[in-house]
Amino acid sequence: KLAGNSVLKISTTQNNVFGVTNKNELFKKDSTNFSVIKNPYPAFQITSIAVDKTGTIWTATNGGGLVMYQKKATDSTLTKHWQTETLNANNGFFYNNLLQVIPTDSAIWIATKSKGIIKLDYNFEQKFVKKIQVFNRHNGLTDTEINYIKTAKNGLLWYATKNGNLGCIKNDSVKNYSQILRQKTTITSLVFDKNTLFLGTLGNGIWVGNINNLSEF
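Before going into details, it helps to say that this report is about the structure given with it. For clarity, every value in this text was computed on a predicted model and none was experimentally measured. (Residues numbered from 1 in each chain as written. Predicted model: local features only at pLDDT ≥ 70, side-chain atom pairs only at ≥ 80, totals over all residues. Heavy atoms only, no water.)

### As for the nonpolar core
Here is a general trend for soluble globular proteins: nonpolar side chains tend to be buried in one another's company.
Phase 1 of the analysis: In terms of nonpolar packing, the biggest core is built from 17 residues, with L66, F93, V101, I108, I110 and L120 touching the most fellow members.
Phase 2 of the analysis: Elements with a contribution of two residues or more to this core: β6 (57-62), β7 (66-73), β9 (98-103), β10 (107-112) and β11 (117-123).
Phase 3 of the analysis: Per-element accounting of this core gives the leading share, 3 residues, to β11.
Phase 4 of the analysis: Each residue touching L66, except ones within four places of it in the same chain, is listed here: W58, T59, A60, E85, T86, L87, L98, V101, I110 and L120.
Phase 5 of the analysis: Counting 14 residues, the second largest nonpolar core, distinct from the first, contains A107, A111, I117 and I146. (Core = buried A, V, L, I, M, F, W, Y, C linked by side-chain atoms within 4.5 Å. Buried < 20%, exposed > 50% of the residue type's maximum accessible area, 1.4 Å probe, protein only. Helix = DSSP H or I, 4+ residues; strand = E, 2+ residues; numbered from the N terminus. Contact = heavy atoms within 4.5 Å.)

Shown next as structure tokens:
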């Protein structure tokens, strides 16, 4: 039974729904069962949840870094239980305050609170990080106050900031569209419909533009 009565974050796969409650609880729901997944770090608020192609759950936290939940057999009965691993300042990751996590087929993308964007080149079969790459002011970002990230079908990672900046990363190269809204407006979400880009903002409505001409909104 869950203590929380509000669901703050969800992530869906073909057969399952995973979520986070207002009491920082994790749960899994499928067509027939509902189960609570023990969160070993309840003091650190989960800010994002996602599930990769192997079924591993990734959670970004505010203060505790990145937490992975994997189902493993831990005893002779071969019954699988959720086991956790963490990446944070205690084991060399250096980024504890995270905003969002997005797995793709070849990498894990992470938005930090104020340090830019992180890309983990990840071996999904053997479950280890091959390379950590950070995108910040030293290698292309003009604004590290990231507020939202989203992957696109063409391999791009798009990002939006608290200051109204928009940009994308492709092949590890950053393209900035600085102050595209020409005002300091927090962008809260991105939605693509073919060549049309919709920007959700905090208190300033929805902006619509063409991704082939992002100088005009």
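And the narrative resumes.
### Side note on the pairing of strand β13 (residues 146-151)
Phase 1 of the analysis: Pairing of β13 with strand β14 (residues 157-161), which is carried by 5 bridges, proceeds in the antiparallel orientation. The residue of β14 that forms the bridge with K150 is W158.
Phase 2 of the analysis: Two successive antiparallel strands, β13 and β14, enclose a turn made up of 5 residues, where G155 displays a positive phi of approximately 90°. (Pairing = 2+ DSSP bridges.)

### Topic: the sheet that holds strand β16 (residues 173-177)
Phase 1 of the analysis: Pairing is antiparallel across the open sheet formed by 4 strands, whose spatial order is β13-β14-β15-β16. The open sheet has two edge strands with one neighbour each: β13 and β16. Strand-to-strand twist across the sheet, computed as the mean angle between neighbouring axes with direction ignored, equals 20°.
Phase 2 of the analysis: Note: β14 against strand β15 (residues 166-170), 4 bridges, orientation antiparallel. Bridging across to β15, L157 finds its partner in I169. (Axes fitted to C-alpha atoms, helices over the stretch in contact; angles between N-to-C directions.)

### Some remarks on a nonpolar patch on the surface
Phase 1 of the analysis: Together, V191, F198, I206 and V208 make up an exposed nonpolar region whose accessible area comes to about 350 Å².
Phase 2 of the analysis: In this fold, F198 is placed in strand β18 (residues 196-201).
Phase 3 of the analysis: On the basis of relative accessibility, which here comes to 31%, the residue F198 falls in the partly exposed class. (Patch = residues over 30% accessible without salt bridge, like charges linked within 9 Å, V, L, I, M, F, W, Y side chains within 5 Å. Areas by Shrake-Rupley, 256 points an atom, 1.4 Å probe, with all protein chains shown as cover. Salt bridge = Lys/Arg side-chain N within 4 Å of Asp/Glu carboxyl O.)

### Observations regarding the environment of I57
Phase 1 of the analysis: Along the chain, the position of I57 falls in strand β6.
Phase 2 of the analysis: Considering only alpha carbons, one finds I57 and K71, 14 residues apart in sequence, at a separation of 9.3 Å.
Phase 3 of the analysis: Aside from chain neighbours lying at most four places away, what touches I57 is F18, I37, I49, A50, V51, V67, M68, Y69 and W82.

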